[in-house]
Amino acid sequence: MADNNDLTDEYVLSTQLLSDGEPTRCATIHSGSDKILELLSGSQGGIISKFILPDSNDSQKQSADASNSGGGLEIQPGGANTRHPHQITAILSSSSLKTNLVSSIYVTGCKDGKIRVMDGNTHELKEVLEGHSNAVTSLSWISPQNESAKPWLVSGSWDGTAKIWDIFQNNNSSICIGTLAGHENTVSVAGLPAESDSIRKVVTVSAGIAEGNSIRGHTVRIWTLSDNGANNDITSKIVAQVSNDHSGPMRDVCYDADTHSIYTCSNDGTVKIRSAEDGKCIETLVYPGYEQPMLLSVCVVGSGATKAVVVGAEDGNVAIFNIGQQKQGEAQVIGHPGCVWNVIPLGTTGDFVSSCHDGNIRLFTRHASLAASPEVLKAFKDAVTEAKAVRSTGPSAEEIAKLPKWEMNALTQGRSEGQVQVFQKDGKAIAAQWSASSGTWIEVGEVTGTNENAGTLNGKQYDHILPIEVDVPGGGVQKLQIGYNNGENPFVTAQEFIDEHMLDQNYLPQIADYIRQRAGQSGPTIGMGAGGSTAATNSNSSSGMGAPSYASEPAVPMDITPTYDYLPMKGYKTFETGIDKKGLSKVIQKIREFNDSVSSNQLSTGEAGETLDSLANTLSVTNRYHSSTISMAELAPLHTMIRQWDATHAFPAIDLARIAVLHPDAAKSERRAYWEEILGGALDMCLELGDAAAKEVAVPMLTMRLIANSYKGGPGSAGATGILIDKILDCAEACATSGNKNVRLSVATAILNTSSYMHASSTPFPSSVAMRVVDVVGTIAGCGKYETEPMVRSLVALGTVLLLPGGYGSEVKKLAKERSIGSMVERVAAGHGEMASDVSKEIMSVLSS
């Protein structure tokens, strides 16, 4: 076991662990089954990797050989269904909590906006928490003062909010107990010590918004959170805030108990040490060197004289600031082969872990006995040197002089959101990104570069001819080539290539990075868009303040996956009319009328009275959905009416179920069997109409709306739709030719949400089920009755199933081609406006691949 007697002055590599090969975005230390110490990482490919770390008492130091690492690598330890649909941007273990009251879990934040709770022993998915509308990039625990109370989870997102979650609900589902809104784009979070038994604290930091040609408004906020007890919600209050003391967006925050201080890092290349009481800056740590990179992650390691602040930087370095009493010199800088997304302490050892874009997790130590072998250290140094070598000199003075002047940028209007233009400023070439929301160019970095290779393309000589393969969703590859000459700016070349081939604007940073890597270019780092705009590298970011994108060692040829404006459908459309006291009162009144007239299976006096009133009252207060609950006793009357009443009397109950399913507690995972009964009963009622289904209104319309809402309601209702999907498609087919426009809109929406559910599902649906969606859309198109909105929804549903991932999607596309679906799509879209035409073009693009 290493001790402090072998401490060296500087950190060195101890262990190198290769995960799934995708860029590694985050990591956490976890105590797994049998208390075995594990290192868990999340990758850009949505993969969780597990490494077994040596016991702290083990005298055998693990090797830093990336092929073994003593790390016991296991990819997706919880099974294939734990793969995330997008990059994992945060991961947090409960092992850091100082309490025995909670089960062993870890949680992940994903770019899809969801938080996933994983079993700490089996690594299986336990629960998915929904509530954020954009990427979840920051997670922390908020501990109580009283150790007999349970901790809360706080999450920060690109959507400009932080949310507080109670995820230790014994056998109940986790709930959101509060939302901290009003932030300036991306939010990072850290729990603070509680103020009392009933008041906890948290700090949030924001990335800022665009003001003219700069980013301003980035703010540190310290909040108190008052527990309201049985109400399952909290009262939040800002007790201190500090704005704009960094000169750029804040990217991360952490808290250190030893110093009782908050640490924030920023795009301005500095770390600020702050008072945990008022957030004011006590000391500023400046990244060493002439140029300060964006600092993406910060943590504190060690104690006393060995205490240090560690930051991960976008330029591929880690910097360590010794803030203890020893050697108060310049920060130590450790180069990496790629961007360092995340740094965390390795327990209380004083060592730390870095997550790098090259797909490796690296452990660094000051213990001489834990240092890697000379061979491994040399290999690491060589890898860093090779990666840095691709960044070299910039364009000549003559080339810079030809660029438009920065001072005149106001006269140059951008063509589209995220477009990059190169200007000359103070004798340098700088890249700027267009923000449509503010109508300005936002400066993002200096442009530099070198060259290599030669060839001819379309009769023109280039210094570099580079292959690019565009992977078309659903299968197929479009092979292209891009020409590049020395001295040209890779961003301008990439922009011209995108315009020529009509590719998605969001490919710009990928292609430019690819050019600079293959041709030895070192260009600006793009990815921090203006407030309210969408950064070029963050196609899924609505806040525009997402994390930057960087190229790892380039693939040959480059693969990029196209995206579309409308396809595939993401999320769900719902029918929420009547969720108010007046609307619910009408439904309840109609149910009571019918209850008096049914011959059997009447509701009891209490069920028809107090129980329904209680349910309606809860459903009407939508702003309390995060904390209110619905009991099975309140849901029981719906089951009686839908399963045992005839269609002429049961339709108001279907309408009430349509509203109830949107309540997260009513539709939680434990109630899947209940919703199978409810949805199954409504579908049976609809199908029993036979040929009359296309003529009736109430039951078909309300059943389809109930189905549409069930996908959005919660894991219980959504899981029920997955089991009943064949029956859902049977009912949609039966009602598709309805003469009532409300029924038609309901059918189209149910099919749209079905396609979205199939596309997002971790369990692939066979092509036969997807083709049934195609069949229903064919019926819709063929009947000639559909208005523009339901027709557009139907076309998006069709395009979504054509883009199903894996082999099933390829099979669906093949079968669709055999049926000449393309000609049907073009014909139908021609009569339904611009949006239908745009969707049609996207479908044709998918089919032509």
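These lines cover the structure that appears in this document, whether it is placed above or below. In this text the structure is predicted, and so the values were computed from the model without any measurement.

**Digging into the overall build of the protein**
A count of helical and extended segments in the protein gives 18 helices and 38 strands. Across the 849 residues in the protein, those meeting the buried criterion constitute 57%. Residue pairs at least 24 apart in sequence account for 60% of intrachain contacts in the protein once pairs closer than 6 positions are excluded. As displayed, the protein has an accessible area near 33,500 Å², and 47% of this comes from carbon and sulfur atoms.

**A closer look at empty space enclosed by the protein**
Tallying each qualifying case throughout the model produces three cavities of 30 Å³ or more. Here the largest cavity defines a volume of roughly 50 Å³. Lining the largest cavity we find Met758, His759, Ser761, Pro764, Phe765, Leu804, Pro805 and Tyr808.

**A short note on the sheet that holds strand S11 (residues 152-157)**
Across a sheet, strands are paired by hydrogen bonds formed along the backbone, either parallel or antiparallel in direction. Taken together, four strands build an open sheet; the order of strands is S10-S11-S12-S13 and the sheet is antiparallel. Two strands in the sheet have a free side with no partner beyond their single neighbour: strand S10 (136-142) and strand S13 (175-180). Ignoring strand direction, the axes of neighbouring strands in this sheet form an average angle of 25°. With four bridges joining them, S11 and strand S12 (residues 162-166) adopt antiparallel strand pairing.

**A closer look at the pairing of S12**
Of all the five residues making up S12, five are buried; the element is thus mostly covered by neighbouring parts of the structure. The side-chain alternation of S12 yields two buried faces, one formed by Ala162, Ile164 and Asp166 and the other by Lys163 and Trp165. Remark: four residues form the turn of the hairpin made by S11 and S12, two consecutive strands paired antiparallel; Gly160 in that turn has positive phi of roughly 85°. Here S12 pairs with S13 via five bridges, running antiparallel.

**Details of the environment of Ser710**
Position of Ser710 among the secondary structure elements: in helix H10 (residues 698-713). Separated by 35 residues in the primary sequence, Ser710 and Trp675 have C-alpha atoms spaced 8.6 Å apart. Beyond its immediate stretch of four places on either side in the chain, Ser710 contacts Val661, Leu679, Ser717, Ala718 and Thr721.

**Concerning the pattern of salt bridges**
Taken as a whole and assessed by the stated rule, the structure comprises 23 salt bridges. We note a salt bridge from Lys378 to Asp382, for which the minimum N-O separation is 2.9 Å. Residue Lys378 and its partner Asp382 are located together in helix H1 (residues 374-389), separated by four residues, close to a single helical turn. On the basis of relative accessibility, which here comes to 52%, the residue Lys378 falls in the exposed class. Its salt-bridge partner being Asp613, residue Arg592 comes within 2.7 Å of it at the nearest N-O pair. Taken together, the residues span a long stretch of sequence, with Arg592 in helix H5 (residues 581-597) and Asp613 in helix H6 (residues 605-620) at a distance of 21 residues. Given the relative accessible area of 29%, Arg592 is considered partly exposed.

**Details of the packing of aromatic side chains**
A complete count under the given rule lists nine aromatic pairs for this structure. Between the aromatic rings of Phe352 and Phe364, the centroid separation amounts to 5.2 Å while the plane-to-plane angle is 20°, which identifies the pairing as stacked. Note that Phe352 is positioned in strand S29 (residues 352-356) and Phe364 in strand S30 (residues 360-367), a separation of 12 residues in sequence. Of the two residues, Phe352 and Phe364, neither departs from the other in class, the shared state being buried. On the numbers, 5.8 Å between centres and 20° between planes, the contact of Tyr572 with Tyr711 is stacked.

**With respect to the nonpolar core**
Leu638, Leu656 and Trp675 are the most contacted members of the largest nonpolar core, which has 101 residues in total. Ranked by residues supplied to this core, first place goes to helix H14 (residues 767-783) with nine residues. Not counting residues within four places of it along the chain, the set of residues in contact with Trp675 comprises Ala657, Ala660, Val661, Ala666, Ala667, Gly680, Leu706, Gly716, Ser717 and Ala720.

**Quick look at the side chain of Ser188**
Relative to the helices and strands, Ser188 resides in strand S14 (residues 187-192). Given a relative accessible area of 5%, Ser188 falls into the buried group. Contact partners of Ser188, with chain neighbours within four places excluded, come to Ser138, Val203, Thr204, Val205, Arg251, Asp252 and Val253.

**Things to note about unusual backbone geometry**
Residues Leu567 and Pro568 are joined by a peptide bond in cis, for which omega reads -15°. Inspection of the secondary structure assignment puts Pro568 in the loop between strand S38 (558-560) and H5. For His123, which is not a glycine, the phi torsion comes out positive at approximately 65°. Look at His123 and you get buried, because its relative accessible area is 2%.

About the cut-offs
- Position labels on residues start from 1 in each chain and follow its written sequence.
- This being a predicted model, a pLDDT of at least 70 is required before a residue's local features are given, and a value of 80 or more before pairs of side-chain atoms are given or counted; all residues contribute to the totals for chains, interfaces and linings.
- With hydrogens and water excluded, all non-hydrogen atoms of the structure serve as input to the side-chain values.
- Runs of H or I in DSSP of at least four residues are treated as helices and runs of E of at least two as strands, each being numbered from the N terminus.
- Only protein chains enter the accessibility calculation, which uses a 1.4 Å probe; a residue whose area is less than 20% of its type maximum is buried, one above 50% is exposed, and one in between is partly exposed.
- Contact definition: two residues touch when any of their heavy atoms are within 4.5 Å.
- Every accessible area reported is derived by Shrake-Rupley at a probe size of 1.4 Å, with residue values counting cover from the shown protein chains alone.
- Cavities and pockets are found on a 1 Å grid laid over the protein atoms alone: a cavity is a set of points where a 1.4 Å probe fits but cannot escape, a pocket is an open set with protein on both sides within 12 Å along at least five of seven lines, and a lining residue has an atom within 4 Å of such a point.
- Grid points are joined across faces, edges and corners, and a volume is the space filled by probe spheres set on the points.
- Here the rule is simple: two strands pair whenever DSSP picks up at least two bridges between them.
- Every axis in this analysis is a line fitted to C-alpha atoms, fitted for helices over the stretch in contact. Angles between the N-to-C directions lie between 0 and 180 degrees.
- Only one rule defines a salt bridge in this text: a Lys or Arg side-chain nitrogen within 4 Å of an Asp or Glu carboxyl oxygen.
- Only the six-membered ring of Trp is used, alongside the rings of Phe and Tyr, when aromatic pairs are assigned; centres must lie within 6.5 Å, and planes under 30 degrees apart are stacked while those over 60 apart are edge-to-face, with the rest tilted.
- Residues grouped as a nonpolar core are buried Ala, Val, Leu, Ile, Met, Phe, Trp, Tyr and Cys residues, joined through side-chain atoms within 4.5 Å.

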